[in-house]
Amino acid sequence: MLKINVIGNLTADVELRTKKGDDIPYAIMRLASDRRYRSKDGDKLTDFVSVKVRGNLAERCAQYLVKGDRIAAFGDFETITTPDENGNMRQNGFLIKASDVEFLTNKKREEAELQELLDTIDLDEEAPQAEDLPEAA
């Protein structure tokens, strides 16, 4: 058995799904992770990994995670295979079947930054009237 640990940022919000005939929810999350080095041209290199979660873990991820959140996922390596035109099974890629996900984004810090921004807005200030706005060209 091959165990894998990955850390990255979600490329999209988490969407719950269910298979036909199975009530257990699952989600496949895509993570982006920058490499520590750059290409010969100086370009940033990014790897993408798919992570599958099931059951209660999938529900928690869908409830609390959004695009851009940083997570660590721990689990088993799973090969993705599909039949080709001759019926032979072909390996198309892999994903991580996560048994544990750690939320690394500090939501309290983000909420504090948002509150700090909201505190700078003067809600008592009167909004400009239409006649005070510049005319559109």
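Reading the values: rules and limits
- Residues numbered from 1 in each chain as written.
- Predicted model: local features only at pLDDT ≥ 70, side-chain atom pairs only at ≥ 80, totals over all residues.
- Heavy atoms only, no water.
- Core = buried A, V, L, I, M, F, W, Y, C linked by side-chain atoms within 4.5 Å.
- Buried < 20%, exposed > 50% of the residue type's maximum accessible area, 1.4 Å probe, protein only.
- Helix = DSSP H or I, 4+ residues; strand = E, 2+ residues; numbered from the N terminus.
- Contact = heavy atoms within 4.5 Å.
- Pairing = 2+ DSSP bridges.
- Axes fitted to C-alpha atoms, helices over the stretch in contact; angles between N-to-C directions.
- Phe/Tyr/Trp six-rings, centres within 6.5 Å; stacked < 30°, edge-to-face > 60°.
- Lys NZ or Arg CZ within 6 Å of the ring centre and 35° of its normal.

A. Spatial organisation of the nonpolar core. Core analysis: the largest hydrophobic core is formed by 19 residues, its most contacted members being Val6, Met29, Val51, Val53, Cys61 and Val101. When contributions to this core are tallied by element, the ones reaching two or more residues are β1 (3–10), β2 (26–38), β3 (44–54), α1 (55–64), β4 (70–83) and β5 (89–103). Contacts of valine 53, omitting those with residues within four sequence positions, involve Pro25, Tyr26, Ala27, Met29, Ala58, Cys61, Ala98 and Val101.

B. Up close: the sheet that holds β5. With respect to topology, 5 strands assemble into a closed barrel ordered β1-β2-β3-β5-β4, the strand pairing being mixed. Across the sheet, the axes of successive neighbouring strands diverge by a mean angle of 55 degrees, strand direction being ignored. Relative to β2, β1 runs antiparallel, the two being bridged by 2 bridges. Directly across from asparagine 9, in β2, lies its bridge partner alanine 32.

C. Summary view of the packing of aromatic side chains. Applying the stated criterion to the full structure yields 2 aromatic pairs. Centroid distance tyrosine 64 to phenylalanine 103: 6.5 Å. Interplanar angle 50 degrees. Geometry classified as tilted. Remark: phenylalanine 103 occurs in strand β5 and tyrosine 64 occurs in helix α1; sequence separation between them is 39 residues. Aromatic side chains phenylalanine 77 and phenylalanine 94 sit 4.8 Å apart centroid to centroid with 25 degrees between the ring planes, which places their arrangement in the stacked category. Pair noted here: phenylalanine 77 is in strand β4 and phenylalanine 94 is in strand β5, with a separation of 17 residues, a long-range link. The positively charged end of lysine 52 is found above the aromatic ring belonging to tyrosine 26, 5.2 Å away from the centroid.

D. Representation of the pairing of β3 within the structure. Pairing analysis gives 10 bridges linking β2 to β3, with the strands arranged antiparallel. By the bridge assignment for β3, arginine 30 is matched with serine 50. Linking β2 to β3, which pair antiparallel, is a turn of 5 residues; within it glycine 42 sits at a positive phi near 90 degrees. The pairing of β3 with β5 spans 2 bridges and is classified as parallel. What sits directly across from valine 51, in β5, is isoleucine 96.

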